[in-house]
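Structural overview for review
The chain contents come next:
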Amino acid sequence: MTQKTNSLNKKDTSWSGRFNEPVAELVKKYTASVGFDYRLAEYDIQGSIAHAHMLSVQGIITQADFVAIETGLNEIAEEVKTGQFQWLLDLEDVHLNIEKRLTDKIGDAGKRLHTGRSRNDQVATDVRLWLRATVNQVIAALANLQTSLLDLAEANYDTVMPGFTHLQVAQPVTFGHHLLAYVEMLKRDVARFKDCKKRINRLPLGAAALAGTSYPIDREMVARRLGFDGVCENSLDAVSDRDFAIEFTYASSMVMMHLSRLSEELILWSSPRFAFIDIADRFCTGSSIMPQKKNPDVPELVRGKSGRIYGHLTALLTLMKSQPLAYNKDNQEDKEPLFDTADTLLVTLEIYADMLRLPVLENGVVTKTGFTVNKDAMRQAASEGFATATDLADYLVKKGMPFRDAHEAVALAVRYAVDQKVDLSDLPLSKLQAFAGEIKEDVYSVLTLEGSLNSRDHIGGTAPAQVKAAIIRVRKDLDQYLE
Ligand code: ARG
């Protein structure tokens, strides 16, 4: 943990009244969560202020007590922010640490804060508040990465590259079109996080330990103050539900899976065998033994870290499996996977957006290039491997030949060209006509890469005009997420 924790000298917990011996040191360490849940402090304080406010409005505590609580908690928030707050392992978790500090500051009013609530509904509230803020950050980071991809796609809307199936050259596509495939994946990711937020944004407070509370509380008031869309409708579910944490980790796993696919491609493309792209040096490392190497460390690590996030998803699903209602201490184990998922995802998205950044012109100097495209190598690769063979078959169909016959005629032509070690477009007209009499002089426009690209001119197709139109559509979408 990055924050300091110390031990208290005397026995001083909030629940120790009925215990005959102190908790063993090792057990204390084993059960304490303050080492990681201190990160919830800001949200714990927000939740406590909203709860105390409601208690005072409902006449459960006095207005004066509320004012003291609010002032004390705001001071504590400042202490936490500036790193002055002393986290004590003996006080178990973020909740008890803050409550104890409050009571030390303001006396009895501090001891009234916990009226009508339990740490069970409190922690569920804190995690939801933290996760809601995190989801907003993730959506902004996804939009930022999409912007990098869109800028790169725009600059390459007509850059020819080979499209692959089975990792073999299949048909020519534009590099812009290829990048837009990832933009689509990220669009779905944004939609998943937005949907997940609906279920995060419900208030558990008021459920207390599990059954609700006998005080005349107003849960809706607390929900409104904390910006929740409503309250969790069943107290047992409110304290034990962690679906929202699993959903977040699942949505994060999907993003990482998408980025692992792109990473795999960046690794291939940047290898000297392909040499389609060059990733800026600041994202790569050298080899300690082989001087010629420039290793694509960032994409490789992203590919590797996707496994780590899937692990967290499995951990959370397993954590919740077979848990009886309602709260169980198992639930404390939700935080580390969740925090690490968010941290890993956010930093991955940030680095990725920078790595895919086009050259930036600053004061007449080109800086911050993340990514350069070797258009010649891409074109060269597209012109090898008979990428326009399908176009020739389609040409014959348009001349009246049934598709299966056309397919066969082109297959024979390709075989001949392979033997001659030339491309289809290098064969003279008379040779081509030997495979199909329907072939005329106009065939050469079909056999060119540009002819092939431009002919796929429908929504979702790779024609440069379609790529441009798609970029405009996605940019509009993007403005909407960020609204
Ligand atoms: N630290 C606990 C957690 O993260 C807070 C709730 C404790 N509740 C309890 N009944 N022991 O889940």
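Residues numbered from 1 in each chain as written. Predicted model: local features only at pLDDT ≥ 70, side-chain atom pairs only at ≥ 80, totals over all residues. Heavy atoms only, no water.

Its location among the elements puts D151 in helix α7 (residues 119-155). We classify D151 as partly exposed; its relative accessible area is 29%. In this structure D151 touches L358 and R475, once residues within four positions along its chain are discounted. (Helix = DSSP H or I, 4+ residues; strand = E, 2+ residues; numbered from the N terminus. Buried < 20%, exposed > 50% of the residue type's maximum accessible area, 1.4 Å probe, protein only. Contact = heavy atoms within 4.5 Å.)

Opposite charge on two side chains permits them to pair, given that their charged atoms come into close proximity. Summed over the entire model, instances satisfying the criterion amount to 33 salt bridges. Where K111 meets D108, a salt bridge forms, and the shortest distance between an N and an O atom there is 3.4 Å. One end of the pair, K111, and the other, D108, are both in helix α6 (residues 108-112), 3 residues apart, so they sit about a helical turn from each other. A residue is classified by how much of its surface remains accessible, and K111, at 56% relative accessible area, is exposed. Residue D108 is classed as partly exposed on the basis of its relative accessible area, which comes to 46%. (Salt bridge = Lys/Arg side-chain N within 4 Å of Asp/Glu carboxyl O.)

What follows deals with unusual backbone geometry. Following L325, the chain continues to A326 via a peptide bond in cis, the omega torsion being 0°. Residue position: A326 is located in the loop between α12 (297-320) and α13 (335-355). Notably, L167 is not glycine yet its phi reads approximately 60°, a positive angle. The topology assignment puts L167 in the loop between β3 (160-165) and β4 (168-174). In the Ramachandran plot, S322 falls in the positive-phi region, its phi being about 65° despite a non-glycine side chain.

This next bit is on the site of the ligand. Close contacts around the ligand come from S33, D37, D93, H95, R119, N120, V123, Y327, Q332 and K335, and that covers them all. The separation between an oxygen atom of the ligand and a polar side-chain atom of Y327 is 2.5 Å. Here the ligand loses 86% of its free accessible area of 340 Å² to cover by the protein chains. With 3 residues, the top contributor of residues to the shell around the ligand is α7. (Near = heavy atom within 4 Å. Polar contact = N/O pair within 3.5 Å; in protein donor to acceptor, adjacent residues only side chain to side chain. Areas by Shrake-Rupley, 256 points an atom, 1.4 Å probe, with all protein chains shown as cover.)

If you check α13, its first and last C-alpha atoms are 30 Å apart, about what 21 residues at 1.5 Å a residue would give, namely 30 Å. The element α13 is largely enclosed, with a buried count of 15 among its 21 residues. (Expected span 1.5 Å × (residues − 1).)

Another aspect to go through is the confidence of the model for the protein chain. Considering every residue of the protein chain, the mean pLDDT works out to 94; 97% of them sit at 70 or more. Low pLDDT, under 50, characterises residues 6-11; the predicted model gives this stretch 12 contacts beyond four residues in sequence or across chains. (pLDDT = per-residue confidence, 0-100.)

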